[in-house]
Amino acid sequence: PYWAQVGSQTYGGSIDNDTSGDHFGRAVACSHDGTRVIVGGYPHSTNQGLVKVYDWDGTAWTQVGNVLTGVADYDQFSHKVAISGDGNIIAVTAPFEHVSGDADKGTVRVYYLAGATWTILPDSGNFTNATLTDVFVGATTLDYLGYGGVKLSYDGYTISMGSKGHDITGKSNVGRARVFTYSSG
């Protein structure tokens, strides 16, 4: 038994990026059969971050959908990434995103592929706020939602995410993990 690389080892024939300092590949995940992968590099554009998704067609990796980028410098969009088992839903964290003036609350965005565009999966219910609808937002300043990771179920309709900076009464940085299921009804 041995491992064999899927795709070319040369620049331009595999999953790569061409911008110095992006650290493309810092965050990766693949669908259950390995034919769709999500790749992130949060240092892109002053730690704004970027994500690309690729499909393997049996010969080469080709980009699927649009490039996703963070909202502002230092958000670290793509600090962690996840992809559903079937590859149709992705999740991307930005643990240092500021929301409504609160520093480093952090966010998790969930996308689905609509045609050739990665589109926010609508309605994260009570876990959004007036500024960012359809986006999971950390509970408090310095919550760092998504820093501890993000995982999706096979169908992408169950998500788990971690916050390293979550506080409880009298105790700081206890952290927490949360799990949510999606209902489109």
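I will try to describe carefully the structure that is included in this document. Model, not experiment: these values are computed from the prediction.

What to know about the overall build of the chain
Then step 1. Counting secondary structure elements, the chain contains 1 helix and 12 strands.
Then step 2. Listed by position from the N terminus, the elements making up the chain come as β-β-α-β-β-β-β-β-β-β-β-β-β.
Then step 3. Scored against the burial criterion, the 185 residues of the chain give a buried share of 43%.
Then step 4. For the chain, the share of sequence-separated contacts (at least 6 apart) that also reach a separation of at least 24 residues comes to 45%.
Then step 5. Of the roughly 9,400 Å² of accessible surface on the chain, a fraction of 50% belongs to carbon and sulfur atoms.

Examining the sheet that holds strand β1 (residues 27-30)
Then step 1. Spatially, β1-β2-β3-β4 is the arrangement adopted by the 4 strands of the open sheet, whose pairing is antiparallel. The two strands at the open ends of the sheet, each matched to only one other strand, are β1 and β4 (61-69). Sheet twist, expressed as the average angle between the axes of neighbouring strands with direction ignored, equals 15 degrees.
Then step 2. Bridge analysis of β1 against strand β2 (residues 36-41) gives 4 bridges, and the strand direction is antiparallel. Its bridge partner being in β2, A27 is matched across the sheet by G40.

Cut-offs applied
- Residues numbered from 1 in each chain as written.
- Predicted model: local features only at pLDDT ≥ 70, side-chain atom pairs only at ≥ 80, totals over all residues.
- Heavy atoms only, no water.
- Helix = DSSP H or I, 4+ residues; strand = E, 2+ residues; numbered from the N terminus.
- Buried < 20%, exposed > 50% of the residue type's maximum accessible area, 1.4 Å probe, protein only.
- Contact = heavy atoms within 4.5 Å.
- Areas by Shrake-Rupley, 256 points an atom, 1.4 Å probe, with all protein chains shown as cover.
- Pairing = 2+ DSSP bridges.
- Axes fitted to C-alpha atoms, helices over the stretch in contact; angles between N-to-C directions.

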